[in-house]
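Here is how the chains run, residue by residue.
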Amino acid sequence: LLMKLSGIDGVMLNWYGQQGTNGDVANLLTNSNAIVNRTDDFGMKFGVVFEDRFAANIEQAKTNVRYLKDNYFNKPEYIRYGVGEDPLMFVFGPITFQQPTQWNQIVAEAGEPLTLLTLPYESNEAGQNADGEFQWIWEDETKDNHLQVLTDFLNNRAPGLSVVSGAA
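Note that the structure is predicted; figures quoted are calculated from it, not measured. (Residues numbered from 1 in each chain as written. Predicted model: local features only at pLDDT ≥ 70, side-chain atom pairs only at ≥ 80, totals over all residues. Heavy atoms only, no water.)

So, about the overall build of the chain. A tally of helices and strands in the chain yields six helices and seven strands. Over its C-alpha trace the chain gives a radius of gyration of 16 Å, about what one expects of a compact globule, namely 15 Å for 168 residues. With the principal axes as the frame, the chain shows a C-alpha extent of 45 × 40 × 35 Å. Going through the 168 residues of the chain one by one, you find that 42% of them count as buried. Long-range pairs, those at least 24 residues apart, make up 67% of the contacts in the chain with a sequence separation of at least 6. Side chains of the chain carry 11 positive and 22 negative charges; the gap between the two charge centres is 6 Å. (Helix = DSSP H or I, 4+ residues; strand = E, 2+ residues; numbered from the N terminus. Rg over C-alpha atoms; globule rule 2.2 N^0.38 Å. Buried < 20%, exposed > 50% of the residue type's maximum accessible area, 1.4 Å probe, protein only. Contact = heavy atoms within 4.5 Å. Lys, Arg positive; Asp, Glu negative; His and termini not counted. Charge placed at Lys NZ, Arg CZ, Asp CG, Glu CD.)

This is the structure:
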């Protein structure tokens, strides 16, 4: 309610999946589902930032995308983008799966086209599956330059991408 009253219309959940190597993956899924189950109550949208780094293998990554298909993508509150109104899915990386052929297998589990965004300068690793990139809050701590990193991405990288998103 506080988010909605503050003018926030939607959230992107840093999503670890149903299966993975993170020790608290079950608790994280329970918490993600609690947020998802309340978004409609407040007229909010939601999407996911898929964490591929905690999938131990391609089968776990595929299982996690199937979970999204069966439990999230079918909700009217899920953020969809573009002419095809495809589910929007950010990937925090790719980190574990860095070959387009791997992403071909992973995104096929969605059962429909996705609007897939990777971290800056990582879209080649997802190949034709990537529609663009999103900027994450990052800096070289020795330079305290997070605003410059964002500005450089928006000025230099974003114009050449089909879909771009910032972060706050």
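What follows covers the pattern of salt bridges. All told, the structure shown has seven salt bridges when counted by the stated rule. Arg 66 is the partner of Glu 109 in a salt bridge, and the nearest nitrogen-oxygen pair spans 2.9 Å. Taken together, the residues Glu 109 in the loop between α4 (100-108) and β5 (115-118) and Arg 66 in helix α3 (residues 58-71) connect sequence positions 43 residues apart. Assessed through its relative accessible area of 19%, Glu 109 is described here as buried. Its salt-bridge partner being Arg 157, residue Glu 133 comes within 2.6 Å of it at the nearest N-O pair. Of this pair, Glu 133 sits in strand β6 (residues 130-134) while Arg 157 is found in helix α6 (residues 146-157), placing the two residues 24 residues apart along the sequence. (Salt bridge = Lys/Arg side-chain N within 4 Å of Asp/Glu carboxyl O.)

Among the residues of α4, Trp 103, Ile 106 and Val 107 are the ones counted as buried. Projected onto a plane normal to the axis of α4, the buried residues spread over an arc of 85 degrees and lie on a single side. Pointing more than 90 degrees away from the buried face of α4 are the exposed residues Thr 101 and Ala 108. Each element contacted by the buried residues of α4 is listed here: β2 (45-50), α3, β4 (86-91), β5 and α5 (123-126). (Arc of directions from axis to C-beta.)

In this section: the side chain of Glu 51. By the secondary structure assignment, Glu 51 is in the loop between β2 and α3. In terms of polar contacts, Glu 51 uses its side chain to reach the side chain of Asn 14, at 3.1 Å. Here Arg 53 takes part through its side chain, which lies 3.0 Å from a polar atom of the side chain of Glu 51. Not counting the four nearest positions on each side in its chain, Glu 51 is found in contact with Asn 14, Trp 15, Tyr 16 and Phe 92. (Polar contact = N/O pair within 3.5 Å; in protein donor to acceptor, adjacent residues only side chain to side chain.)

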